[in-house]
Amino acid sequence: MTDYAPTQSLEAALASYSEAERVKEEARLALRGAIAQELKTQDISSKVLAPHTPWSEETLRSIAREYGVPLKRAATVKSIKPKRRKPDTKPA
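Quick caveat, the model's predicted, so the values are computed rather than measured.

The rules we used
Residues numbered from 1 in each chain as written. Predicted model: local features only at pLDDT ≥ 70, side-chain atom pairs only at ≥ 80, totals over all residues. Heavy atoms only, no water. Helix = DSSP H or I, 4+ residues; strand = E, 2+ residues; numbered from the N terminus. Rg over C-alpha atoms; globule rule 2.2 N^0.38 Å. Buried < 20%, exposed > 50% of the residue type's maximum accessible area, 1.4 Å probe, protein only. Contact = heavy atoms within 4.5 Å. Areas by Shrake-Rupley, 256 points an atom, 1.4 Å probe, with all protein chains shown as cover. Lys, Arg positive; Asp, Glu negative; His and termini not counted. Charge placed at Lys NZ, Arg CZ, Asp CG, Glu CD. Arc of directions from axis to C-beta. Polar contact = N/O pair within 3.5 Å; in protein donor to acceptor, adjacent residues only side chain to side chain. Patch = residues over 30% accessible without salt bridge, like charges linked within 9 Å, V, L, I, M, F, W, Y side chains within 5 Å. Salt bridge = Lys/Arg side-chain N within 4 Å of Asp/Glu carboxyl O. Expected span 1.5 Å × (residues − 1). Core = buried A, V, L, I, M, F, W, Y, C linked by side-chain atoms within 4.5 Å.

J.: I would appreciate a short explanation of the overall build of the protein chain in the present structure.
T.: Counting its secondary structure elements, the protein chain contains three helices and zero strands. Against the compact-globule benchmark of 12 Å for 92 residues, the protein chain has a radius of gyration of 26 Å, which places it well outside the compact range. On the principal axes, the C-alpha backbone points of the protein chain span a range of 95 × 45 × 20 Å. Taking all 92 residues of the protein chain together, the buried fraction comes to 14%. Sequence-distant contacts, at least 24 apart, represent 49% of the contacts inside the protein chain between residues at least 6 apart. For the protein chain, the exposed surface amounts to about 8400 Å²; the carbon and sulfur share of it is 57%. Computed over 17 positive and 12 negative side-chain charges, the separation of the two mean positions in the protein chain equals 22 Å.

J.: Teacher, can you tell me more about helix H3 (residues 57–66) here?
T.: Since the α-helix advances by 3.6 residues per turn, residues separated by three or four positions end up pointing in the same direction. Of the positions making up H3, those classed as buried are Leu-60, Ile-63 and Ala-64. Looking straight down H3, one finds that the buried residues subtend no more than 100° of arc, so they occupy a single side. In H3, the exposed positions that point more than 90 degrees away from the buried face belong to Arg-65 and Glu-66. Phi for Gly-68, located one or two positions after H3, is positive at around 70°.

J.: Looking at this structure, how should I read the side chain of Thr-53?
T.: As for its position among the elements, Thr-53 is in the loop between helix H2 (46–49) and H3. For Thr-53, a relative accessible area of 16% puts it in the buried group. Separated by 3.2 Å, the side chain of Thr-53 and the backbone oxygen of Trp-55 make a polar contact.

J.: Would you explain a nonpolar patch on the surface in this entry?
T.: A cluster of nonpolar side chains, namely Tyr-4, Leu-10 and Leu-14, defines an oily patch on the protein surface of about 320 Å² accessible area. On the basis of relative accessible area, Tyr-4 is assigned to the exposed category, the value being 56%.

J.: Can you help me understand helix H1 (residues 8–41) in this one?
T.: Spanning 34 residues, H1 covers 49 Å between terminal C-alpha atoms, matching the ideal 50 Å at 1.5 Å per step. Buried residues of H1: Arg-32, Ile-35, Ala-36 and Leu-39, and no others.

J.: Honestly, the pattern of salt bridges in this entry has me stumped. Any pointers?
T.: One side chain can pair with another of opposite charge once the charged atoms of both are near each other. Tallied over the full model, the rule gives seven salt bridges. Salt-bridge contacts for Arg-22 lead to Glu-19; the nearest nitrogen and oxygen are separated by 2.4 Å. On the criterion of helical spacing, the pair formed by Arg-22 and Glu-19 is a turn pair, its members being three residues apart in helix H1. Overall, the relative accessible area of 40% leaves Arg-22 in the partly exposed class. Glu-25 is the partner of Arg-28 in a salt bridge, and the nearest nitrogen-oxygen pair spans 2.8 Å. One end of the pair, Arg-28, and the other, Glu-25, are both in helix H1, three residues apart, so they sit about a helical turn from each other. Note on Arg-28: relative accessible area 33%, which makes it partly exposed.

J.: Which parts of the structure should I look at to understand the nonpolar core?
T.: In a soluble, globular protein the nonpolar side chains are often hidden away together inside. Counting 10 residues, the largest nonpolar core consists of Ile-35, Ala-36, Leu-39, Ile-44, Leu-49, Ala-50, Leu-60, Ile-63, Ala-64 and Val-69. Setting aside anything within four residues of it in sequence, one finds Leu-49 in contact with Ile-35, Glu-38, Leu-39, Ile-44 and Leu-60.

J.: When you look at the environment of Asp-43 in this model, what are you seeing that I'm missing?
T.: Along the chain, Asp-43 turns up in the loop between H1 and H2. The spatial distance from the C-alpha of Asp-43 to the C-alpha of Tyr-67 is 16 Å, given a sequence separation of 24 residues.

Structure, rendered in structure tokens:
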């Protein structure tokens, strides 16, 4: 093993970096919350809001799902599975 010990300048730089990462994470979470609030209170979609954020429409849609933002319109995707016919059950 070696006797190496980080210098004070390296320890200070690491501490500064860790603090910056913590602040960045707090800011990221605050931005996600603000985006969700904007989608809830304004009559806009993720497509309209996305150009004003650092994220894509899909990321904004995932944020909306995470924060329970109601859909602006009903879902249009339908099952392609054929409906089952009910068997004729007439008494003989």
